[in-house]
Amino acid sequence: MLLGAVVLARSILVVIGSFPGDVSLLFVGVVIVFILTGATLIIPWNRIPLGWMALVPTLDIVAILIMWQSSPESSFGLLWIFPTTWLAGGFGLIGMYGVMIGVSGVFCVSVLLDPRQTVTYTTFLLPLVIVALAATSYLTARRTSAQRTLLARQAQLLRQVLERTRRQEQEVTEVLDAVDFGVIRIGHDGTIAVTNEAHGRLQQAILEAETDADSSATAYRDDGVTALPRDELPVERALRGEAFDGQVVWFGDPAGDRRALSVTARRVRDTSGRDAGAVVISRDVTSEATALRVRDDLVASVSHELRTPLTSILGYLDLAIDDPAVPESSRKNLEIAERNAERLLGIVADILAASSSSPSSIELSMSLADIDVADVARAAIESLVPRAAERAVTIDGSGLEPAHAYADPQRLRQVIDNLIANGIKYNRDGGTVAVGTTTDGRSTWILVRDTGVGISEVDRARLFQRYYRGNAVRGSGMHGTGLGLAISRDIVRAHGGEIALRSSPGVGSTFIVKLPAHQPAQEGADL
Ligand code: ADP
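No experiment lies behind these values; they were computed from the predicted model shown.

So, how was this worked out
- Residues numbered from 1 in each chain as written.
- Predicted model: local features only at pLDDT ≥ 70, side-chain atom pairs only at ≥ 80, totals over all residues.
- Heavy atoms only, no water.
- Helix = DSSP H or I, 4+ residues; strand = E, 2+ residues; numbered from the N terminus.
- Rg over C-alpha atoms; globule rule 2.2 N^0.38 Å.
- Buried < 20%, exposed > 50% of the residue type's maximum accessible area, 1.4 Å probe, protein only.
- Contact = heavy atoms within 4.5 Å.
- Areas by Shrake-Rupley, 256 points an atom, 1.4 Å probe, with all protein chains shown as cover.
- pLDDT = per-residue confidence, 0-100.
- Expected span 1.5 Å × (residues − 1).
- Arc of directions from axis to C-beta.
- Phe/Tyr/Trp six-rings, centres within 6.5 Å; stacked < 30°, edge-to-face > 60°.
- Lys NZ or Arg CZ within 6 Å of the ring centre and 35° of its normal.
- Core = buried A, V, L, I, M, F, W, Y, C linked by side-chain atoms within 4.5 Å.
- Domains from an automatic or database assignment.
- Near = heavy atom within 4 Å.
- Polar contact = N/O pair within 3.5 Å; in protein donor to acceptor, adjacent residues only side chain to side chain.
- 1 Å grid on protein atoms, 1.4 Å probe; cavity = no way out; pocket = protein on both sides within 12 Å on 5 of 7 lines; lining within 4 Å.
- Sits in = over half its atoms within 2 Å of the grid points.
- Nonpolar A, V, L, I, M, F, W, Y, C, P; charged D, E, K, R; others polar.
- Pairing = 2+ DSSP bridges.
- Axes fitted to C-alpha atoms, helices over the stretch in contact; angles between N-to-C directions.
- Parallel < 35°, antiparallel > 145°, perpendicular 65-115°, else oblique.
- Left-handed = near helix turned anticlockwise from the far one by under 90°.

Peer 1: So what exactly am I meant to see when it comes to the overall build of the protein chain here?
Peer 2: Along its length, the protein chain carries 16 helices and 13 strands. Taken over C-alpha atoms, the radius of gyration comes to 50 Å for the protein chain, far larger than the 24 Å a tight globule of 527 residues would show. Buried residues in the protein chain amount to 37% of all 527 residues. In the protein chain, the proportion of contacts linking residues at least 24 apart, taken out of those at least 6 apart, comes to 63%. Here the protein chain has roughly 30,200 Å² of accessible surface; of this, 60% comes from carbon and sulfur atoms.

Put into structure tokens, the structure is as follows:
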């Protein structure tokens with residue numbers, strides 16, 4: 001096309017001005033160039049092999065030769081640069097060598113054979129330019145094609161990565177939508193970036209359960225009755241950057257239809273360790289929470305009902321044992337019956353205490369005083385010595401130091417009794433239970449160490465839950481309700497203290513009770 005345009009311009013100049021050469025020869029060359037340009041436009045090149053296209057520049061070379069022959073002094077030879085760039089740039093090495101040899105050969109032969117032309121040093125400048133141009137065009141075309149290939153490969157790679165990312169995203173979405181717990185992804189700027197279908201369902205259920213959707217009082221703490229302030233709602237806490245585990249929240253009026261969610265929030269970090277927001281997971285625990293409450297209510301009412309007839313049985317057994325008319329052999333049986341009835345009463349009392357006990361309800365019934373815990377421990381040891389003797393277990397009270405605490409002596413006795421009784425029960429025959437007390441004037445500690453079976457790590461995490469009994473003792477024939485430690489912890493916490501445990505399975509366990517040494521106000525005065 002470009003060649004056609006240049007030739008057309010030159011032809012117009014010839015028509016306007018005078019031409020010093022053979023006009024008919026020039027005309028033949030021009031016509032050939034025009035025919036070829038027309039052919040270039042008309043022929044559907046994409047349907048025929050690429051090689052045929054080389055015919056056009058090749059014939060152009062001949063046409064230019066004819067035009068040049070019409071007037072060797074004219075600059076028509078320069079037009080060879082068009083087919084040269086085309087052939088060398090478009091047809092690889094063959095095109096390059098072909099055009100170098102072809103054009104230079106045609107040029108040299110015509111110069112040498114033409115008597116009109118004088119050969120000087122500058123005569124061969126044109127073939128040299130053609131050779132250099134062919135080489136440059138070839139190299140440029142190669143580089144361009146290499147870059148194009150590289151770009152195509154990169155584009156393909158990018159497409160694959162994009163496809164893979166899209167697939168992964170889809171898989172993650174499918175998984176998230178398939179699970180039955182709600183997931184919220186909070187971005188580092190506090191915006192909610194992702195939620196799954198289950199979250200939507202839970203939200204919907206909550207809204208349906210709520211009577212007044214705008215009121216923050218429709219959310220309640222895990223006890224189901226204390227209203228939860230808006231800023232303590234799990235999502236609000238997560239937005240503030242808090243991380244927490246299993247916060248139970250009740251939604252809906254206590255008297256109406258309601259839902260309980262257990263919500264966990266975790267902070268997320270990006271690959272460079274910077275804070276990248278949070279993930280909040282919520283699970284519908286309505287049925288579990290309701291079942292737990294129903295169980296506690298049932299247990300409380302059953303054990304309450306059991307207490308009255310049991311007390312009466314014990315009373316009559318007592319009377320019967322004291323009756324001198326009862327023969328000695330029957331008295332022994334009655335005493336066994338009395339011991340078991342007492343045990344039963346103890347269990348019933350424990351169950352009742354557990355089902356009505358929360359640290360707050362214990363607190364209400366406590367009568368606190370400044371006491372020496374060593375005295376309480378000593379009394380507990382004394383009462384348990386007979387039980388220890390049955391299994392040849394020694395109770396070592398040598399570690400009892402005078403240690404004051406601000407506590408309810410009866411409640412504390414319950415705790416120490418429980419710990420020592422466990423120390424005996426879960427000991428080996430002939431083992432030891434060591435009891436110690438100490439204080440630093442601010443806190444007071446009670447230690448109960450045994451040489452028993454010890455407690456596995458799995459059990460340690462759940463030991464203080466109500467009704468939980470260790471794997472090793474379940475089905476071993478050892479009696480128990482799994483309530484003693486739960487009640488003990490509630491009592492200790494109601495005192496503002498804590499109970500901890502260290503244990504090596506097979507070696508023994510140590511329970512450590514920490515209590516405040518003084519009344520809180522007094523402690524402030526001390527400071
Ligand atoms: P119970 O003794 O009635 O089962 P507790 O609440 O007192 O209930 O104890 C819960 C569980 O903790 C027990 O079932 C037992 O597996 C474990 N446990 C408690 N104290 C000890 C101890 N000193 N050594 C080993 N295991 C213990």
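Now that the structure has been shown, the text picks up again.
Peer 1: When you look at the confidence of the model for the protein chain in this model, what are you seeing that I'm missing?
Peer 2: Low pLDDT marks stretches whose predicted atomic positions should not be read closely. With 94% of its residues at a pLDDT of at least 70, the protein chain reaches an overall mean of 86. Low pLDDT, under 50, characterises residues 522–527; the predicted model gives this stretch four contacts beyond four residues in sequence or across chains.

Peer 1: Sorry, what's going on with helix H5 (residues 92–113) here?
Peer 2: Taking 1.5 Å of rise per residue, the 22 residues of H5 would be expected to cover 32 Å, and the 31 Å separating its terminal C-alpha atoms lies within 8% of that figure. For H5, the complete set of buried residues consists of Gly95, Met96, Val99, Met100, Val103, Ser104, Phe107, Ser110 and Val111. Burial along H5 is one-sided: seen end-on, the buried residues are contained in an arc of 140°. Turned more than 90 degrees away from the buried face of H5 sit Ile94, Ile101, Leu112 and Leu113, all of them exposed. Buried residues in H5 make contact with helix H3 (55–70), helix H4 (81–90) and helix H6 (125–178).

Peer 1: What's the story with the packing of aromatic side chains in this structure? I'm lost.
Peer 2: A ring pair, where both rings are aromatic, is described by two values, the distance of the centres and the angle of the planes. Per the counting criterion, the structure on display carries three aromatic pairs. Taking 6.2 Å as the distance between ring centres and 80° as the angle between the ring planes, the aromatic pair formed by Trp80 and Phe107 counts as edge-to-face. With a gap of 27 residues between them, Trp80 in the loop between H3 and H4 and Phe107 in helix H5 connect regions that are remote in the sequence. Residue classification places Phe107 among the buried residues on the basis of a relative accessible area of 5%. Cluster of aromatic residues (ring-pair linked, three or more members): Trp68, Trp80 and Phe107. The lysine or arginine in question, Arg237, covers the ring of Phe244, its NZ or CZ lying 4.1 Å from the ring centre. Seen from the ring of Tyr220, Arg258 lies directly overhead, with NZ or CZ sitting 5.2 Å from the centre.

Peer 1: What should I look at first to understand the nonpolar core in this one?
Peer 2: Considering soluble globular proteins, one finds that nonpolar side chains tend to be buried as a cluster. Judged by nonpolar contacts, the single largest core of 44 residues is most densely connected at Leu412, Ile420 and Val435. Take this core: its biggest share by element is eight residues, from helix H12 (residues 373–390). When residues of this core are assigned to domains, at least three fall in each of domain 3 (291–357) and domain 4 (366–526). Dropping the residues within four chain positions of it, Ile420 is found in contact with Ala380, Ile381, Leu384, Ile395, Val433, Val435 and Val448. Residues Ile61, Leu79, Val103 and Val111 belong to the second largest nonpolar core, which totals 33 residues.

Peer 1: Can you help me understand the domain arrangement of the protein chain in this one?
Peer 2: How big an interface is tends to be reported as the loss of accessible area on association of its parts. Entries for the protein chain in the domain assignment read domain 1 (2–148), domain 2 (182–284), domain 3 (291–357) and domain 4 (366–526). If you average the C-alpha positions of domain 1 and of domain 3, the two centres end up 120 Å apart.

Peer 1: Please clarify how the site of the ligand should be interpreted in this entry.
Peer 2: Close to the ligand lie 20 residues; Asn422, Tyr426, Asp450, Arg469 and Leu485 are nearest. Measuring from an oxygen atom of the ligand, one finds a side-chain N or O atom of Tyr426 at 2.6 Å. Between Arg469 and the ligand, the recorded distance is 2.6 Å, taken from a side-chain N or O atom to an oxygen atom. With respect to the pocket detection grid, the ligand is positioned in the largest pocket. Contributing elements (two or more residues each) for the shell around the ligand: helix H13 (409–425), helix H15 (484–494) and strand S13 (508–516). When its residues are assigned to classes, the shell around the ligand shows nine nonpolar, eight polar and three charged.

Peer 1: What am I meant to see in the sheet that holds strand S5 (residues 259–269) here?
Peer 2: Strand pairing within a sheet occurs via backbone hydrogen bonds; the two strands may be parallel or antiparallel. Reading across the sheet, the six strands line up as S2-S1-S6-S5-S4-S3 and stay open at both edges, with antiparallel pairing between neighbours. The sheet is open, and its two borders are formed by strand S2 (192–195) and strand S3 (219–220), each paired with just one other strand. Bridge count between S3 and strand S4 (residues 244–251): two bridges; the pairing is antiparallel. Its bridge partner being in S4, Tyr220 is matched across the sheet by Trp250.

Peer 1: For this particular structure, what's the right way to read the packing of H3 against H5?
Peer 2: Packed helices, taken two at a time, are described by their axes: the angle between them and the distance between them. Closest axis-to-axis distance for the H3/H5 pair is 11 Å, and the angle between their directions is 20°. Accordingly, the angle class assigned to the pair H3 and H5 is roughly parallel. Crossing of H3 over H5 shows right-handed handedness. Residue-level inspection shows Ile61, Leu65, Trp68 and Gln69 of H3 in contact with H5, the latter providing Val99, Val103, Val106, Phe107, Ser110 and Val111. Of the residues in the contact of H3 with H5, the class split is eight nonpolar, two polar and no charged.

Peer 1: For this particular structure, what's the right way to read the environment of Val56?
Peer 2: Summarising the element assignment, Val56 is placed in helix H3. For Val56, a relative accessible area of 5% puts it in the buried group. In this view, Val56 contacts Leu36, Thr40, Trp45 and Trp86; residues no more than four positions away in its chain are not counted.

Peer 1: Explain the sheet that holds strand S10 (residues 432–439) here, please?
Peer 2: Spatially, five strands are ordered S8-S10-S11-S13-S12 in an open sheet, and the strand pairing comes out mixed. Each having just a single partner strand, strand S8 (394–400) and strand S12 (498–504) make up the two edges of the open sheet. The mean angle between the axes of side-by-side strands here comes to 15°, regardless of whether they run parallel or antiparallel. In the sheet, S8 pairs with S10 via five bridges, with the strands oriented parallel. Its bridge partner lying in S10, Ile395 is registered against Val433. Packed onto the sheet, H12 meets S8, S10, strand S11 (443–450) and S13 and runs at close to 170° relative to S8. Packing of H15 onto the sheet brings it into contact with S12 and S13, and relative to S12 it is tilted by some 135°.

Peer 1: Quick question: what am I supposed to make of the pairing of S5 here?
Peer 2: On a regular strand, one side chain projects to one face of the sheet and the next to the other, so that they alternate. Pairing of S4 with S5, which is carried by six bridges, proceeds in the antiparallel orientation. In the strand pairing of S5, Gln247 is matched with Val263. Of the pairings in the sheet, the one linking S5 to strand S6 (residues 275–284) comprises eight bridges and is antiparallel in character. Paired with Leu261 across the strands is Asp284, a residue of S6. Here S5 hands over to S6 after five residues, with Gly273 in that stretch at a positive phi of 85°.

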